[in-house]
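Structural overview
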Protein chains: 4
Amino acid sequence: MALTGVLRPGHVALRVLDMDAAVNHYGNVLGLIETGRDAQGRVYFKAWDEHDHHSVVLRTADRPGMDYMGWRVDSVATLKKLAQDVEASGLATDMKWIAAGEQLHCGERFRFTVPTGHVMELFAEKDKVGNGMPYVNPDPWPDGLKGMAPTRFDHCLVYGDDLDGSVKLFREVLGFTLAEQVMAGELMIGAFLTCSNKAHDIAFIRHGEKGKFHHCSFILDGWSDVLRAADIISKKDVSLDIGPTRHGITRGETIYFFDPSGNRNEVFSGGYISYPDKPTITWKAEDIGKAIFYHDRKLNEAFLNVIT
Amino acid sequence: MALTGVLRPGHVALRVLDMDAAVNHYGNVLGLIETGRDAQGRVYFKAWDEHDHHSVVLRTADRPGMDYMGWRVDSVATLKKLAQDVEASGLATDMKWIAAGEQLHCGERFRFTVPTGHVMELFAEKDKVGNGMPYVNPDPWPDGLKGMAPTRFDHCLVYGDDLDGSVKLFREVLGFTLAEQVMAGELMIGAFLTCSNKAHDIAFIRHGEKGKFHHCSFILDGWSDVLRAADIISKKDVSLDIGPTRHGITRGETIYFFDPSGNRNEVFSGGYISYPDKPTITWKAEDIGKAIFYHDRKLNEAFLNVIT
Amino acid sequence: MALTGVLRPGHVALRVLDMDAAVNHYGNVLGLIETGRDAQGRVYFKAWDEHDHHSVVLRTADRPGMDYMGWRVDSVATLKKLAQDVEASGLATDMKWIAAGEQLHCGERFRFTVPTGHVMELFAEKDKVGNGMPYVNPDPWPDGLKGMAPTRFDHCLVYGDDLDGSVKLFREVLGFTLAEQVMAGELMIGAFLTCSNKAHDIAFIRHGEKGKFHHCSFILDGWSDVLRAADIISKKDVSLDIGPTRHGITRGETIYFFDPSGNRNEVFSGGYISYPDKPTITWKAEDIGKAIFYHDRKLNEAFLNVIT
Amino acid sequence: MALTGVLRPGHVALRVLDMDAAVNHYGNVLGLIETGRDAQGRVYFKAWDEHDHHSVVLRTADRPGMDYMGWRVDSVATLKKLAQDVEASGLATDMKWIAAGEQLHCGERFRFTVPTGHVMELFAEKDKVGNGMPYVNPDPWPDGLKGMAPTRFDHCLVYGDDLDGSVKLFREVLGFTLAEQVMAGELMIGAFLTCSNKAHDIAFIRHGEKGKFHHCSFILDGWSDVLRAADIISKKDVSLDIGPTRHGITRGETIYFFDPSGNRNEVFSGGYISYPDKPTITWKAEDIGKAIFYHDRKLNEAFLNVIT
């Protein structure tokens, strides 16, 4: 295959303080589709145009944040190979295999912690449940969508200390491309990495603490959907961070908001089609405002400081 | 890399009857950027957000159509490997190497004819000329764009006889995925193939003659750009085929029109994000109307019969 | 008031063959809101952002078409004055007063037939039921909308013989402005008339028969809603006439389709802001294709011939 | 005519500190069309889809702000009548007639000061220069547009002390409708007034000082144009106030920015179609954030305090 190895962000596991409020938010406001609940009380969601069983897993905890992020690889053989490569790289810690079925409808997962302190997983198998339309003569979208109704879980942005280490692992071991970077002189403080044609599949920002979560992001069809999402945020009294606006980095059209537990969500549209041979785009740290929020050209206070 | 092997459609070489009219069409109406002319009189164009030197090459001839389509692969090593694989497959004919520099700013190309009679090329090197913006702190789009101003050359759709052979070569040798297919009972009459996250990078329709060209397609940012393209078509008295409308296949929002030589162009936006593990979508031949033109639910006469 | 006299198209009364099918179409597909049924079996609808009780009235009959169109005037005094003016003009026939309450929640109506054979009404009072949102701190749109969900009934286009007579009556007696016209040499064959800032509130096409109905039109917020309407048309197997496309006349972005009884509906967006001092725009009959369907630049057969 | 009396905002006369910078801003960034310069050094602009000679007049001064706003009325007879009515109302001061020709291509103007201290004018005649397209078979938009390219000057928002007096004058003498209001208990602190189908043609905010200018606004075709305007603001290093966002009041989709002299401009799209019988919408002063910026639900500091 021309698209091989790590294919995409497969799931994000989030901690929420109040599951009922979270289910209402992710189901009715963000507009994901609930696909299951397990014996541990975890609730599973997918965006409507995803074919796999789930892309978001929520569990109740006493503080918000991200437990881990899972990556779909192209085959069991690749899973075994990449697990060996991760181990051999010396860049990961706390490596272990999670048995198939620990998450509903998901195969065996190889879990490890990257240098910025984030827990990542690789997996090759997850049951297909379809996108709500038949595989023969489908319509372009299904009936009954609710809320913002993004088509897919797209990426996460996370904060941590050893940015160089995590970037090295994603580039050299997992085969990601550095689409864009933010540089403070010679020091990389932001890295936007892709394993696909998308402008980013994961992004890291350098930060004093390990393992912090900035946001998980879901993709919409277009800018008119960003307006609709913005309207829904106000109609439903959701806490807004910033937007609608455009990112300088990736050019995405975006809006940020918070789930009831304080985890930041993004919905966005647009951005360019990326290829591994595209030269890396660099943003100077002194121009970080324009890089992040192209129209405002300055960061709002929440963006840098509210992380979970 | 996670995106490996064949990366993307790199160029399409078209025959035009009148170069001045063609240059006006591709430059001012479609809105590509002219990047060079060579000693043979060929004219080179790129879409603004492409970084490589060119993606469209025009030459004057006495009949319109496509000479060949070129595919950018990830490295010289891959180029050598895929050339061997193509040769070993027994599916290609007329194989040869074209020297670096035969096209301006393009490295060595491996050329072969696929079972439907279309000439394809693989290449690993083409000079980067950038997208009109700096690689440090770029704006989201450059000034001075003209016409429809698509961001990229996206794909071609071609007609030929041995559909099964070409599909086998693209899937099994070049690693493409069959995103969607049109089936007349057990007979595949349409194949939409991708080497990326895009819903298609090339498409084949079964047809009595070998080596026919249906259209080359360029991608726009969104549906409002499709309307603008439609307006430009009428303002500039360009021959319209059909649109604005939506495809059932790939969900793309589209408009078709003809260059002054009779070659069909498409500009489109939207469509889903595809992965190799997405189940192939099937359209029944008896529902081909809805598959091609989702709103009209019938083919216009030109779509099936006007090919070059 | 600066907007005085005849304010807007207030209602259109349509004949349908099968009320259940019609209620499904106007309620679930077009997405109007049913506001009442009367003792005669008539069913009343409004578009969501209208404040009056209804703008569409359906009755069962053995042939489709328009019974009449009603115009909201600014006051009872204006109603009396205009009724006298219509009578004095000698341009109308079959004049009579319809008692308040004959339509649910509607005041007294002055009914008359214009020279093209269409029945028109003036009325000054209709109960306000609101737009589904409070008059204090309203959100921009209500929850629970269905189908295409246009914001308002916008205009009708009708066919009839004595175009000059109807145009004279609307301009000279009712105070409308001729925004655009289609001329076959010296003969006016199309007239687009406005009583407001909208590019048209009613349009007439010259035609051999009296009293024919071409379409009633409803306005959407934008071009992305036209695409969504087009998708709904195919998802719900509604008969499409043409679109999405743009009109040359008024510049509106449009799609036409048929209700189950064969009455044509339009939903559209855009168009310019019109004022009475804007010079009348003229389209030559020989260029009628571009005037009506700006992109196709030719009429489809249905457009001219299918009227009810 | 059904649209009578005061038809529209006809011009706004602004003071700028540096004419060259202003001409670049209004011409190349905002994208108005320069239509003339007079002996006093004033520079005249129109938006492309206006037919009158100008809608913006700039003069050099040592402080920014609005000199006056002019209203186009339907006829000379109406001009005379309204001038008498204004005089008879006792609500205006500093009344005088300005001779035809004092502004290029503009007829006689009746000038007066309203209770909030703003200078207003009525006029009935201004030369038509067209919208850049023929009146026979026009295309939907002209070539050669620059910058944001709004279609029309739409409205102004001004700040002043005697809100009740100005509102009374516009409603009772000039025939405007109060579309929306902001109420601090029983005190009206904001009034949005229309003389047309547009949701507002002028707005007043109660403020301690007389005669202050908040912004002049220009209308775009849609939300995708608001994004494009936002991009242009950053590309051209224009000072942004806020946006893209939506207003609660009028529902408009908007972005605010400053000209080089510090005068605030708005470009916006959308908003509802208003009629004089629509019940007035009320916003509570304690919810002013949501009323002004529906998504942020709070005012930014600049919005209330930066006036010229």
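Anything mentioned here points back to the structure above.
Moving on: the interface of chain B and chain C. Each side of the interface is counted separately: chain B has 21 residues, and chain C has 20 residues. When the two sides are added together, the surface that chain B and chain C hide from each other amounts to roughly 1800 Å², 49% of it contributed by carbon and sulfur. The largest share of the area that chain B buries against chain C comes from B:Trp223, B:His295 and B:Arg297, three residues that together contribute 33% of it. On inspection of chain B and its partner chain C, the count reaches four salt bridges.

Here we take up the relation of the copies chain B and chain C. Expressed as a screw transformation, the operator carrying chain B onto chain C has a rotation angle of 180° and an axial translation of 0.0 Å, and the superposed copies differ by an RMSD of 0.0 Å. Those values place the two copies in the arrangement expected of a two-fold rotation axis. When C-alpha distances to the rotation axis are compared across chain B, the minimum falls at B:Pro244, with a value of 3.0 Å. Comparing interface residues between copies, 95% of those in chain B also lie at the interface in chain C; the contact surface is shared.

A few words now on unusual backbone geometry. Residue and element names in this part refer to chain A. A cis geometry characterises the amide bond from Gly243 onward to Pro244, with omega recorded as -5°. Relative to the elements of secondary structure, Pro244 occurs in strand β14 (residues 239-246). For His105, which is not glycine, the phi dihedral falls at a positive 60°. On the secondary structure map, His105 appears in the loop between β6 (93-98) and β7 (109-113).

Residue and element names in this part refer to chain C. The strand order across the open sheet formed by nine strands is β14-β15-β16-β13-β9-β12-β11-β10-β17, and the pairing between neighbours is mixed. Strand pairing shows two members of the sheet lacking a second neighbour, β14 (239-246) and β17 (281-284), which therefore form its edges. If you compare each strand with its neighbour and ignore which way they point, the axes differ by 15° on average.

Moving on, we get to the side chain of D:Lys198. With respect to the helices and strands, the residue D:Lys198 is situated in the loop between β11 (187-194) and β12 (202-206). In this structure the side chain of D:Lys198 is engaged in a polar contact, spanning 2.6 Å, whose partner is the side chain of D:Asp201. With residues up to four places along the chain from it excluded, the contact list for D:Lys198 reads C:Asn197, C:Ile273, C:Tyr275, D:Pro9, D:Asp154 and D:Ser274.

Here we come to the environment of C:Ile255. All names here are of chain C. In this structure, Ile255 sits in strand β15 (residues 253-258). Placed 61 residues apart in sequence, Ile255 and Thr194 show a C-alpha to C-alpha distance of 21 Å. Once residues within four sequence positions are removed from consideration, Ile255 is found in contact with Val226, Ala229, Ala230, Ile233, Leu240, Ile242, Gly243, Pro244, Asn265, Glu266 and Val267.

In this section: the sheet that holds strand β3 (residues 43-46) of chain A. Residue and element names in this part refer to chain A. Across the sheet, eight strands lie side by side as β2-β3-β4-β1-β5-β8-β7-β6; this open sheet has mixed pairing. Of all strands in the sheet, those with a lone pairing partner are β2 (33-37) and β6, marking the two edges. With strand direction ignored, the average angle separating the axes of adjacent strands in the sheet is 25°. Relative to strand β5 (residues 65-73), strand β1 (residues 6-16) runs antiparallel, the two being bridged by eight bridges. Each bridged residue has a counterpart across the sheet, and for Arg15 the counterpart in β5 is Gly65.

All right, on to the interface of chain B and chain A then. In this assembly, 47 residues from chain B lie in contact with 47 residues from chain A. In this assembly, chain B packs against chain A so that about 4300 Å² is buried in total across both faces, 58% of it on carbon and sulfur atoms. For the pair chain B and chain A, the interface holds ten salt bridges. Ionic pairing is found between B:Asp139 and A:Lys290, a salt bridge with its closest N-O pair at 3.9 Å. Joining chain B to chain A, the criterion identifies 24 residue pairs in polar contact (both at pLDDT 80 or more). Mapped onto the side of chain B that touches chain A, the elements with two or more residues apiece are β1 (6-16) and β17 (281-284) of chain B. Looking at the side of chain B that touches chain A element by element, the count peaks at four residues for β17(B).

Reading the values: rules and limits
- Residues numbered from 1 in each chain as written.
- Chains lettered and ligands numbered in written order.
- Predicted model: local features only at pLDDT ≥ 70, side-chain atom pairs only at ≥ 80, totals over all residues.
- Heavy atoms only, no water.
- Contact = heavy atoms within 4.5 Å.
- Buried area = accessible area lost by both parts, 1.4 Å probe.
- Salt bridge = Lys/Arg side-chain N within 4 Å of Asp/Glu carboxyl O.
- Least-squares fit on C-alpha atoms with pLDDT ≥ 70 in both.
- Helix = DSSP H or I, 4+ residues; strand = E, 2+ residues; numbered from the N terminus.
- Pairing = 2+ DSSP bridges.
- Axes fitted to C-alpha atoms, helices over the stretch in contact; angles between N-to-C directions.
- Polar contact = N/O pair within 3.5 Å; in protein donor to acceptor, adjacent residues only side chain to side chain.

As far as function goes, none of this settles anything; it's purely spatial.
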